[in-house]
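# A structural walkthrough
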Amino acid sequence: MVISFQDWNLLGDRTWAGWKNYEKLWNNPVFWQVFRNTFVYLILGTPISLVISFFIAYHLDKTRFMHGFIRMLYFLPFMTSAVAMAWVWRWFYQPVPIGLFNNALAQFGIPQIEFLRSTTNALPAILAPAVWAGLGFQIIIFMAGIRAIPQSYYEAARIDGVSKTATLFEITLPLLKPTIVFLVVFSSIGFLRIFDQVFNMTSGDPGGPLNSTKPLVLQIYQSAFTDFDMGYAAAQTVVLFLILLCVSLFQLYLLRDR
Amino acid sequence: MKFTKMKALVFATATSTTALFSTAAHAVEIEYWQYFFGARVTAMEQLIENFEAVNPDITVTMTHFPYADYRTKVAAAIPAGEGPDVVQLFYGWLNDYKAASLIQPLPADSFDADTIDAEFFPMVSAMREGENYWALPTAVRSLALFYNTRLFDDAGIDGPPETLDEMLEIGAQLTKRDGAGNITQAGLTMGMTAQDHHWFREGLVRQFGGEPYLNDYTTVNYNTPEGVSAMEFYVGLGEENGIGAVGFMDEPQAAFKAGRAGMHIDGSFRIGSLNKTRGLKWAVTELPATGEGMRSNYSSYWVNAITTKAEDEKYDAAVKFMQYVTSDEAMQIWLDVVGELPAKPSVGLTEANSNDATYGPFIRGLAYANTTKFVNESAQRKVLIDAVERVKLQGMSVADSLAIAAAAEQELLDAFYTSK
């Protein structure tokens, strides 16, 4: 907090800068772009990952076939190092002749798609592995939540002849609310802090072409450790902290128990 | 029984420790810091060994860190009276280190500024201020054109290009595309993320008749008709002439290593890793000249400096050590072990070195090289990366994009120089 009001390049003395760092931040178009990117990660990432993981958990809960093996499969990405994974996905996304996806497209004569070197496709392309990696954890939590719902409710519903969809919306989802609140807050914070995937998948030009994938955390890292502008980095960190605080409080408020 | 053994051991240890300390009392121990890079560490170990053989009363301890932590550690250690007496730093950081009083000038009696000016390659003069030099390199780096001899032979091309036009011609012959028009083999690798931004700044802009910076690198000057034609030429490599593509094989050096690119512009520090690539046959030539034969190159270097921590006998020892690491002998060792070029013509331009098939083109390049005085290399590189991306991804005209880039870079320079 104090450093955010100072000028410091790690080497020299710290000098008082007043609101200068915050002014610079306010007037910097890159900061606003980064700000927007951060929220795109959040707004796309959280709902998509929750819906997919709930869908998988809901259906997996009913399967008994090779349960342990399947569990291993979906939990594996979560245990893998984000850095290693980012580099593998980076390879998938490469243009012809090495990229997995583009080679497949080329096989069918479809023109290649620029995944990472594009101002529009790069952010979703980076988000995909981040969502995929988090699924395992969310599925486990969802399954635990689903298991915790007493079977007697379902039996009562079956006796009353309630449809499957109605059971899902009237019993399963409402009773899963604490689980959902936990996961929403947890994954939101995760997406607001996204760094590893972005940094490693666009390491030549960190933050993607024309900053199209740069999240706030990466911008902070660059201000601090490549530009050595500690004051500016601290100012941005204060902003990130406030965002995290507000988003979490807002979500808790929305999803509170009435 | 056991007890006596133990006692003997304790005594033995105690006496040997005293013995150690008694020799240390006569000797001076200085510390040297550099960042970790395998070959550099090996070379420095060799230099230290040679230095200690001549100066038995001085011990040099080397400490190295991962590059990422380097600056933080140096900054934290020296003011606390810890850390190095002699430190290695990138030439672009000198101003910061000076301003923070982490380093002190080299003494004028052992490092006479005029003698250094006469003996070293001219770009080293960036380290001079008044009658003092602040730091000196052991080695310098420059750019050259690597080419894949196997691909050249397959295409029936006799030799590497001498001029930019020849480069385009050869590049076109080497470029291969699949049915959908995607490049599968590039004539020339492209990417401002690698060394191309240096090639553009100090190479192409000058070759097209421009002057990239004015007023001792405080004013950006590539936003001129000459600069625009240089950028048009560069962007054109990927478009109308189509001999390469940004992002092909992820990174330029990866494409070249994989044998998927005919030509590749890179620094002398790449030699080591290319030598380790199995099945790759390559050679080096000087950067292509203009039709009139004008060449221009970029060079950069790491320097060694004495820190403000070194005082009294440590200072004297540090001066001696600095003299040794900037000597001809040290430079030759550095070239042989690391592959970085000697900072003095007297070592670099020897018959053997300048005619060396691998190092020769780089060493000859030093004669017409310029060193950009970066204030923040990665931010300034980003400016040029974005300039190309705006043209490629957003369809902006080269002139407009370069104007934005020049303004952005000027802002970086201004911010730096006004805060000093």
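Cut-off values and rules
Residues numbered from 1 in each chain as written. Chains lettered and ligands numbered in written order. Predicted model: local features only at pLDDT ≥ 70, side-chain atom pairs only at ≥ 80, totals over all residues. Heavy atoms only, no water. Helix = DSSP H or I, 4+ residues; strand = E, 2+ residues; numbered from the N terminus. Buried < 20%, exposed > 50% of the residue type's maximum accessible area, 1.4 Å probe, protein only. Contact = heavy atoms within 4.5 Å. Areas by Shrake-Rupley, 256 points an atom, 1.4 Å probe, with all protein chains shown as cover. Salt bridge = Lys/Arg side-chain N within 4 Å of Asp/Glu carboxyl O. Phe/Tyr/Trp six-rings, centres within 6.5 Å; stacked < 30°, edge-to-face > 60°. Lys NZ or Arg CZ within 6 Å of the ring centre and 35° of its normal. Patch = residues over 30% accessible without salt bridge, like charges linked within 9 Å, V, L, I, M, F, W, Y side chains within 5 Å. Lys, Arg positive; Asp, Glu negative; His and termini not counted. Charge placed at Lys NZ, Arg CZ, Asp CG, Glu CD. Pairing = 2+ DSSP bridges. 1 Å grid on protein atoms, 1.4 Å probe; cavity = no way out; pocket = protein on both sides within 12 Å on 5 of 7 lines; lining within 4 Å. Points joined across faces, edges and corners; volume = space filled by probe spheres on them. Nonpolar A, V, L, I, M, F, W, Y, C, P; charged D, E, K, R; others polar. Arc of directions from axis to C-beta. Polar contact = N/O pair within 3.5 Å; in protein donor to acceptor, adjacent residues only side chain to side chain. Axes fitted to C-alpha atoms, helices over the stretch in contact; angles between N-to-C directions. Parallel < 35°, antiparallel > 145°, perpendicular 65-115°, else oblique. Domains from an automatic or database assignment. Buried area = accessible area lost by both parts, 1.4 Å probe.

Summing up its helical and strand segments, chain B has 18 helices and 16 strands in all. Taken along its principal axes, the extent of the C-alpha atoms in chain B is 85 × 50 × 45 Å. For chain B, buried positions account for 55% of its 420 residues. In chain B, 74% of the contacts between residues at least 6 apart in sequence involve partners at least 24 apart. A total accessible area of about 17,500 Å² is found for chain B, and carbon and sulfur atoms account for 53% of it.

Another aspect to go through is the pattern of salt bridges. Per the counting criterion, the structure on display carries 22 salt bridges over all chains. For Arg147(A), the salt bridge is made with Asp61(A), and the minimal N-O distance between the two is 2.9 Å. You can see Arg147(A) sitting in helix α6 (residues 122–148) and its partner Asp61(A) sitting in the loop between α2 (29–60) and α3 (67–79), a full 86 residues away along the chain. A cluster of three or more residues bridged by salt bridges with shared partners is formed by Asp114(B), Asp117(B), Arg128(B) and Glu131(B).

Another aspect to go through is the packing of aromatic side chains. Given two aromatic rings, one states the distance between the centres and the angle between the planes to describe the pair. A complete count under the given rule lists 54 aromatic pairs over all chains for this structure. Ring plane angle 55° and centroid distance 5.7 Å describe the contact between Phe146(B) and Phe362(B), whose orientation is recorded as tilted. Remark: Phe362(B) occurs in helix α16 (residues 360–366) and Phe146(B) occurs in strand β7 (residues 136–148); sequence separation between them is 216 residues. We note that Phe146(B), like Phe362(B), is buried. These aromatic residues form a ring-pair network of at least three members: Tyr35(B), Tyr67(B), Tyr70(B), Phe90(B), Tyr91(B), Trp93(B), Tyr97(B), Tyr301(B) and Trp302(B). Directly above the ring of Tyr232(A) sits Lys24(A), whose terminal nitrogen or CZ lies 4.2 Å from the centroid.

Here we come to a negative patch on the surface. On the surface, Glu311(B), Asp312(B), Glu313(B) and Asp316(B) cluster together into a patch of negative charge. By the secondary structure assignment, Asp316(B) is in helix α12 (residues 312–325).

Residues and elements named next belong to chain B. For Glu226, the location among the structural elements is in helix α9 (residues 225–238). Separated by 15 residues in sequence, Glu226 and Glu211 place their C-alpha atoms 8.5 Å apart. Residues contacting Glu226, with those up to four places away along its chain left out, are Phe208, Gly209 and Gly210.

A word on the pairing of strand β9 (residues 183–188) of chain B. Residue and element names in this part refer to chain B. Of all six residues in β9, six are buried, a share of seventy percent or more. In this structure, strand β8 (residues 176–177) lies alongside β9, joined through two bridges in antiparallel fashion. Across the sheet, residue Lys176 finds its bridge partner in β9, namely Gln185. Remark: five residues form the turn of the hairpin made by β8 and β9, two consecutive strands paired antiparallel; Gly181 in that turn has positive phi of roughly 90°. Alignment of β9 against strand β12 (residues 261–267), held across two bridges, turns out to be parallel. Bridging across to β12, Ala186 finds its partner in Ala261.

Residues and elements named next belong to chain A. Considered as a void within the structure, the second largest pocket measures approximately 520 Å³ in volume. Contributing to the lining of the second largest pocket are 22 residues, with Phe78, Ala130, Gly134, Gly190 and Phe191 lying nearest its centre. Elements with a minimum of two residues in the lining of the second largest pocket: α3, α4 (82–92), α6, α9 (177–192) and α10 (196–201). When the residues that make up the lining of the second largest pocket are grouped by side-chain class, the tally is 13 nonpolar, seven polar and two charged.

The subject of this paragraph is α4(A). Residues and elements named next belong to chain A. Within α4, burial applies to Ala82, Met85, Ala86, Trp89, Arg90 and Phe92. Angular distribution of buried residues about the axis of α4 spans 150°; they occupy a single face of the element. For α4, the elements touching its buried residues are α3, α5 (100–107), α6 and α10.

All right, on to the side chain of Gln104(B) then. All names here are of chain B. Summarising the element assignment, Gln104 is placed in strand β4 (residues 103–104). Residue classification places Gln104 among the buried residues on the basis of a relative accessible area of 18%. Among the polar contacts listed, one links the side chain of Gln104 to the backbone oxygen of Thr307, at a separation of 2.7 Å. Only 3.1 Å separates the side chain of Gln104 from the backbone oxygen of Ala310, close enough to count as a polar contact. With residues up to four places along the chain from it excluded, the contact list for Gln104 reads Trp134, Ile306, Thr307, Thr308, Ala310 and Tyr315.

Right, let's get into the packing of helix α8 (residues 192–207) of chain B against helix α17 (residues 377–394) of chain B. The axes of two packed helices give the description: the angle between them and the distance between them. All names here are of chain B. Relative to each other, α8 and α17 sit at 90°, their axes nearing to 10 Å. With respect to α17, the element α8 is oriented roughly perpendicular. For the pair α8 and α17, contact is made by Met192, Thr193, His197, His198, Phe200 and Arg201 and by Glu377, Gln380, Arg381, Leu384, Ile385 and Val388, respectively. Class assignment of the residues belonging to the contact of α8 with α17 gives a composition of five nonpolar, four polar and three charged.

Before going further, it helps to spend a moment on the packing of α4(A) against α5(A). Residue and element names in this part refer to chain A. Packing of α4 against α5 leaves a shortest axis separation of 5 Å and a crossing angle of 20°. The pairing of α4 with α5 is recorded here as roughly parallel in orientation. Judged by residue contacts, Trp89, Trp91 and Phe92 of α4 engage Leu100, Phe101 and Asn102 from α5.

Here we come to empty space enclosed by the protein. All names here are of chain B. With the rule as written, the count across this model stands at one cavity of 30 Å³ or more. Taken as a whole, the largest cavity holds about 60 Å³ of empty space. Around the largest cavity, the lining residues are Tyr32, Arg40, Met44, Gln88, Thr138, Ala139, Trp302, Asn304, Trp334 and Glu340. Broken down by secondary-structure element, the contributors of at least two residues to the lining of the largest cavity are α2 (38–54), β7 and β14 (297–307). In terms of residue class, the lining of the largest cavity is built from five nonpolar, three polar and two charged.

Turning to the domain arrangement of chain B, a few remarks are in order. All names here are of chain B. Split into domains, chain B comes out as domain 1 (28–141 + 300–369) and domain 2 (142–299 + 376–419). Taking only C-alpha atoms, the centre of domain 1 and the centre of domain 2 are 29 Å apart. At the junction of the two partners, domain 1 supplies 20 residues and domain 2 supplies 20 residues. Between domain 1 and domain 2, a total of about 1,600 Å² is buried, with carbon and sulfur atoms accounting for 61% of that surface.

Quick look at the interface of chain A and chain B now. Taken together, the contact pairs 26 residues of chain A with 31 residues of chain B. Between chain A and chain B, a total of about 2,400 Å² is buried, with carbon and sulfur atoms accounting for 56% of that surface. When the buried surface of chain A facing chain B is broken down by residue, Leu11(A), Arg117(A) and Leu210(A) rank first, second and third, together holding 31% of it. Seen at the junction of chain A and chain B, the total is three salt bridges.

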